[in-house]
Amino acid sequence: MNTPLVQPGDTVRLRKKHPCGSYEWTVTRIGADIGLACLSCGRRIMLPRGTFNKRLKMVVKYASVKHAPIKHITANE
Ligand SMILES: [Zn+2]
């Protein structure tokens, strides 16, 4: 398993707009699938990690500076 780009609590922006008009999501869980909650409407979805990585545009806010991508850390999973 490669290093996850994000951690639960992070805010991310995806390339594709949610029907509600928001691009921003909060990461709710990390695993084989990535759990996301829409910041605007609160809807929760799960995306396979590969799909998430493709759709991810940027991380808007890191929940913790410890895993900000200055250097990669080992996944704790
Ligand atoms: Zn939404």
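Up top is the structure these notes are about.
The notes below deal with the structure included here. (Residues numbered from 1 in each chain as written. Predicted model: local features only at pLDDT ≥ 70, side-chain atom pairs only at ≥ 80, totals over all residues.)

Moving on: the pairing of strand β1 (residues 11-14). Bridge analysis of β1 against strand β2 (residues 24-30) gives 3 bridges, and the strand direction is antiparallel. Note that in β2 the partner of threonine 11 across the bridge is threonine 26. In the sheet, β1 pairs with strand β5 (residues 56-61) via 4 bridges, with the strands oriented antiparallel. Residue pairing across strands places threonine 11 opposite lysine 61, the latter belonging to β5. (Pairing = 2+ DSSP bridges. Helix = DSSP H or I, 4+ residues; strand = E, 2+ residues; numbered from the N terminus.)

The next point concerns the nonpolar core. With 7 residues, the main nonpolar core is built from Val6, Val12, Trp25, Val27, Ile34, Leu36 and Phe52. If we ignore the near neighbours within four places in the chain, the residues touching valine 12 are Val6, Trp25, Val27, Leu56, Val59 and Val60. (Core = buried A, V, L, I, M, F, W, Y, C linked by C-beta atoms within 7 Å. Buried ≥ 20, exposed ≤ 12 C-beta atoms within 10 Å, placed from the backbone. Contact = placed C-beta atoms within 7 Å.)

As summarised here, the arrangement of the 5 strands in space is β4-β3-β2-β1-β5, forming an open sheet in which the pairing is antiparallel. Looking at the sheet topology across the chains shown, the edges are occupied by β4 (44-48) and β5. Geometrically, the sheet is characterised by an average inter-axis angle of 40° between neighbouring strands, direction not taken into account. Direction of pairing for β2 relative to strand β3 (residues 33-38): antiparallel, over a ladder of 5 bridges. (Axes fitted to C-alpha atoms, helices over the stretch in contact; angles between N-to-C directions.)

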